[in-house]
Amino acid sequence: MDTVVLGLKPSFLPPPPKPKPKPSKPPNSNFKIPIKSSIHSDPWSLSDGNISKPKPKSKNPKKPLSDDDARRIIKAKAQYLSLLRKHQGPRAQTPKWIKRTPDQMVQYLQDDRNGRLYGKHVVAAIKTVRSMAGKREEERNIRLVMSGFVGKLSFREMCTVLKEQKGWREARDFFAWMKMQLSYRPSVIVYTIVLRIYGQVGKIKLAEQTFLEMLEAGCEPDEVACGTMLCSYARWGRHKAMFSFYSAVQERGIILSVSVYNFMLSSLQKKSLHGKVIELWRQMVNKGVAPNNFTYTVVISSLVKEGFHEEALKIFNEMNNSGHVPEEVTYSLLITISTKNCNWDEAGRLYEDMRSHGIVPSNFTCASLLTMYYKNGDYSKALSLFTEMQSKKIAVDEVIYGLLIRIYGKLGLYDDAQKTFEEVEQLGMLSDEKTYLAMAQVHLNSGNVEKALSVIEVMKSRDIWSSRFAYIVLLQCYVMKEDLDSAEVTFQVLSKTGLPDAGSCNDMLNLYLRLQLAEKAKDFIIQIIKDQVDFDEELYKTAIKVLCKEGMLRDAEQLTKEMGTNKSFKDCSFFQTFFKIMHGENKECKHFLVFDQPDTMAFGLIFTLYLRHGSFSKMEEILKLLLETAGGLSTLNQLVSSFIREGDVCEADTISAQVTKLGFRLEDEIIASLINLYGKRQKLKQAQEVFATVADSPLCGKSIVNSMIDAYVKCGKSEEAYSLYKELTDRGHNLGAVGISIIVNALTKCGKPREAENVIRKSIHDNMELDTMAYNIFIKAMLEAGRLHFAASIYERMISLSVTPSIQTYNSMISVYGRGRKLDKVAEILNTACSLGVPLDEKAYMNIISYYGKAGKTHEASLLFTKMQEEGIKPGKVSYNIMINVYAMAGLYHEVEGLFRGMQRDGWPPDSFTYLSLVRAYTENLKYSEAEETIDAMQKKGIPPSCAHFHLLLSAYAKAGLMIEAERVYKKLLTTGLSPDLACHQTMLRGYMDYRHVEEGIHFFEQMRESVEPDRFIMSAAVHLYNFAGKKHMAEVLLGSMNNLRIPFLSNLEVGSKIEATDVCQR
């Protein structure tokens, strides 16, 4: 910063006095050794002004204080305060450690009143002068008031009276009286006292007149007097006069104390004159005045506010090195500015330095640090800092809570963010829109648009609604909700507050694209270009994507040309690729393609644009140019791959055909992906055409062949896939594990197990290298075909070849051995998986439990269910249902009830299958009422019972011969709206026949015969009932119907078989 002339020398300050030559002393014959005392008289102490004649001891010495130790404390306090004011300037404060006891304070006041501090006559003079306060000017007569003190006060005592005055008028009048006394001698000290009094009340004119009077009296101003005058100017903001006076002081070579500089610096800073603060600081340093803590604090603050951040840090380091401990406000200021400048390391270093000095950060400092951690994604440190704030009881304000909400949102801790927001509201601190919007954005990130909108609605209802940012967040909500009308209204309101930002425009454009409103998207782009919206990279990409997809070549060229002047796009590879191709010469474009990294996405959109606009020649030209470069074919592979991922099959096919036409070939993986895409879209013909271009090539790889087979399968042409497989294998092609897996899986699904087995056997015979997935598909195919022995042999081959089984392998083999009733093998599979460290999943455990249950091994199933839970696998609804059914089949209804309650505790509501098992458990134990109550309970819970539920109860009643109860349940079944199935009819008819209810049985048969398909048991039972009732004709007619329908007759049925068995048992 250039040096500024601060001001002219004031007229009332005379030029510095010229030094007088010292008279030569005659030589003294009596040579004496000079002895210097270490004790010097204080040049600024109040005295009679004659230093050469020391004051004689008083004839009447002052009485000592009542407590000798009190005088020592008072003197120590005075010395300390003097030193503190000298070094701290206006920030000087009374130290807390100097205190009097209550008794000492009472005695001190008594001594003061009794005149023991200054003398009674001095105290009386002080009170007399003070009594003039409040009188009008014409009523003041200092000579009359002080007439009793003429000749009684020494110069020092008069100075004491002057110093103790509280009003400037009393000081003025007393000073005028003082000058008329014989003991008065002009001294810089007394004038300094008057200057200080005038300066404290802002009587600058009187102070200047007094200073001129001092000069006229021949008193040379010292640094104290000049400093007092400067402090007066600074205190009342007279900066122009202050600098003028300061310039004169500098010319006289007077070195001011640091406290004066502090006064001046502080006054300038309060008026935001930071430039002058810095200039005055530099002059102070040049004069060699050592700054103190307060000086550094003021100067660093001004440097930061003037933008001299590096210099501020430099002075801060100097302050640290000189032994001064910076205040918290200094650390806070530097941390904040380092955070704003993204100087994370410096901010972190400052915070650690502050902690090392034991300084507790303010909430403003913590807010700056939290902002830094939020911006650079260091969320763990942010949460740690918040915990530290709580432990140190640092007040947390709304800004910090808002940052904490944002951090929780970034971490995905949406519940914690909501709790924090509610806590802020409960504390009554929720007043800033930023906090509301932070919570709304957290809800947006979690995908909960409704909650975000509700937060904004609450904010609006509380009249907290003003900024553009609120409308931007509201627009984001409507865009995510896909509420087009509300989004458009919000965007219009946002546009009225100023030019819409690029992010909001991008949100609207993406909304139009999601809703497939191409026309609106085009109009919107034209409008924002017309409004001269400042495009960013993302908005440009979205806009150019719309224009390219719509084939709007002229608009795309115009937009790209206009963006060419935007310096922010200088390093954007996407834009540069577009600009060079659309507006560059061929040589420039070729140079760009060779030496730079062209953007694949840009190429894709350019090809789309030319293709949909119909500029095929331009597209071919770029293709040729690209293929002539070193990495051109690789770029095209990436481009076609991106088209395939996005589902743009037309563009991918066109470029693939053009590349083939130009004598080049895309990578096998790209061609295979294109065939797969056609297969997914059921476009078999196009897939065959792509395959035909490479099928005869010796370079045709496995991936292409497998993709064609997969395309046949996806299009439902499994036979063609099998034919292609046979054709390729006959020609010696090895499809690999993937191709074979696709064929076997397809043949299994279309119900051709024999062909699937042939493929498996051939691959095994040819010793094809297979992976785990292929073996899994083979085992599953043979399991579904019922070829359990072959499935087991495939597993054994897999193990012998050291192919690592997966959890799916073990699941399939459990089913293979379980269906074959080889439960020892099932246990062996379980042990093998555990020994190899393969963690079994819930499905595997429940598969084994199911087979144990079917085999009647309830205890083993129960142990395995417990083991599964011990390994940390929580059973789901299916697992609970399987285990409940195992217990139900064994008739263990107590265990069933326990699991039934347990699954509800775990949050799994019972379903129809659960209630079926519960009914089974009760009927197995002849608990008929409990079984019927279970059916009623499930109806009350809104779960409709099925015929299977009623059949269990019907069967139990029928077996027990309780046909009246069975008939009641049967009627109940009909009232629920169900149609009884065949099993229910068979059960009812068997019950009638077994317990010789002949008439009821015949009646039941005749009622339901029209609604039931012909059944061997029902018709045979009816024939036996007719014969038993003597209705031979009806029996013969029914038997003839059975013969016509070729239904064999059951001759071994017997009417009343259960009654006879009961009689035998009773006998």
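Residues numbered from 1 in each chain as written. Predicted model: local features only at pLDDT ≥ 70, side-chain atom pairs only at ≥ 80, totals over all residues. Heavy atoms only, no water.

**Student:** Any details on the overall build of the protein? Residues and values, ideally.
**Tutor:** Along the backbone of the protein there are 57 helices and zero strands. The 1067 residues of the protein split such that 46% are buried. Put simply, of all contacts in the protein between residues at least 6 apart along the chain, 63% involve residues at least 24 apart. Looking at the protein as shown, the accessible area adds up to about 56900 Å², and 52% of this sits on carbon and sulfur atoms. (Helix = DSSP H or I, 4+ residues; strand = E, 2+ residues; numbered from the N terminus. Buried < 20%, exposed > 50% of the residue type's maximum accessible area, 1.4 Å probe, protein only. Contact = heavy atoms within 4.5 Å. Areas by Shrake-Rupley, 256 points an atom, 1.4 Å probe, with all protein chains shown as cover.)

**Student:** How would you summarise the packing of aromatic side chains if you had to cite specific residues and measurements?
**Tutor:** Applying the stated criterion to the full structure yields 22 aromatic pairs. Between Tyr893 and Tyr922, the aromatic rings sit 6.1 Å apart at their centres with planes inclined by 45°, giving tilted as the arrangement. Here Tyr922 lies in helix α49 (residues 912–924) and Tyr893 lies in helix α48 (residues 893–905), a separation of 29 residues in the sequence. Its relative accessible area of 15% is what places Tyr893 among the buried residues. Aromatic rings pair up to connect Phe155, Phe175, Tyr184 and Tyr191 into one cluster. It is Arg761 that lies over the ring of Phe790; its NZ or CZ is 3.9 Å from the centre. (Phe/Tyr/Trp six-rings, centres within 6.5 Å; stacked < 30°, edge-to-face > 60°. Lys NZ or Arg CZ within 6 Å of the ring centre and 35° of its normal.)

**Student:** For the pattern of salt bridges, give the residues involved together with the corresponding values.
**Tutor:** Going through the model one piece at a time under the given rule, you end up with 34 salt bridges. Glu457 is the salt-bridge partner of Lys460, the closest N and O atoms lying 3.9 Å from each other. Of this pair, Lys460 and Glu457 both sit in helix α22 (residues 449–461), separated by three residues, roughly a single helical turn. Exposure remark for Glu457: the relative accessible area of 41% places this residue in the partly exposed category. Across the pair Lys752 and Glu719 runs a salt bridge whose closest N-O atoms are separated by 2.9 Å. Taken together, the residues Lys752 in the loop between α39 (736–749) and α40 (753–765) and Glu719 in helix α38 (residues 718–730) connect sequence positions 33 residues apart. (Salt bridge = Lys/Arg side-chain N within 4 Å of Asp/Glu carboxyl O.)

**Student:** Which residues make up the packing of helix α5 (residues 155–163) against helix α7 (residues 188–201), and what are the values?
**Tutor:** For the pair α5 and α7, the least separation of the axes is 10 Å and the interaxial angle reads 5°. With respect to α7, the axis of α5 lies roughly parallel. Seen from α5, the contacting residues are Phe155, Cys159, Leu162 and Lys163; seen from α7, they are Val190, Ile193, Val194, Arg196 and Ile197. Along the lines of polarity and charge, the residues of the contact of α5 with α7 split into seven nonpolar, no polar and two charged. (Axes fitted to C-alpha atoms, helices over the stretch in contact; angles between N-to-C directions. Parallel < 35°, antiparallel > 145°, perpendicular 65-115°, else oblique. Nonpolar A, V, L, I, M, F, W, Y, C, P; charged D, E, K, R; others polar.)

**Student:** Go over unusual backbone geometry with me, naming the residues and quoting the values.
**Tutor:** For Ser272, which is not a glycine, the phi torsion comes out positive at approximately 60°. On the secondary structure map, Ser272 appears in the loop between α11 (258–270) and α12 (274–286). Of note, the phi angle at Glu482 is positive, near 60°, even though the residue is not glycine. Its location among the elements puts Glu482 in the loop between α23 (468–481) and α24 (484–496). By relative accessible area, which is 38% here, Glu482 ends up partly exposed.

**Student:** Give me the environment of Val299: which residues, what numbers.
**Tutor:** The residue Val299 is located in helix α13 (residues 293–305) in this model. Spatially, the C-alpha atoms of Val299 and His274 are 8.4 Å apart, while their sequence positions differ by 25 residues.

**Student:** Break down helix α54 (residues 998–1008) for me, citing the residues and quoting the values.
**Tutor:** Residues of α54 that are buried: Val998, Gly1001, Ile1002, Phe1004, Phe1005 and Met1008. An end-on view of α54 places all buried positions within 160° of arc, on one side of the element. Tucked into the core, α54 has its buried residues touching α52 (963–975), α53 (982–994), α55 (1016–1028) and α56 (1032–1044). (Arc of directions from axis to C-beta.)

**Student:** I'd like to hear about the confidence of the model for the protein, residue by residue, with values.
**Tutor:** For the protein, the average pLDDT comes to 81, and 87% of its residues sit at 70 or higher. For the stretch residues 586–595, pLDDT sits under 50, and the model shows 19 contacts to residues farther than four places along the chain or on other chains. (pLDDT = per-residue confidence, 0-100.)

**Student:** Provide a residue-level description of the side chain of Thr228, including the pertinent values.
**Tutor:** Residue placement: Thr228 occurs in helix α9 (residues 223–235). In this structure the side chain of Thr228 is engaged in a polar contact, spanning 2.7 Å, whose partner is the backbone oxygen of Val224. Setting aside chain neighbours within four positions, we find Thr228 in contact with Thr192, Leu195 and Arg196. (Polar contact = N/O pair within 3.5 Å; in protein donor to acceptor, adjacent residues only side chain to side chain.)

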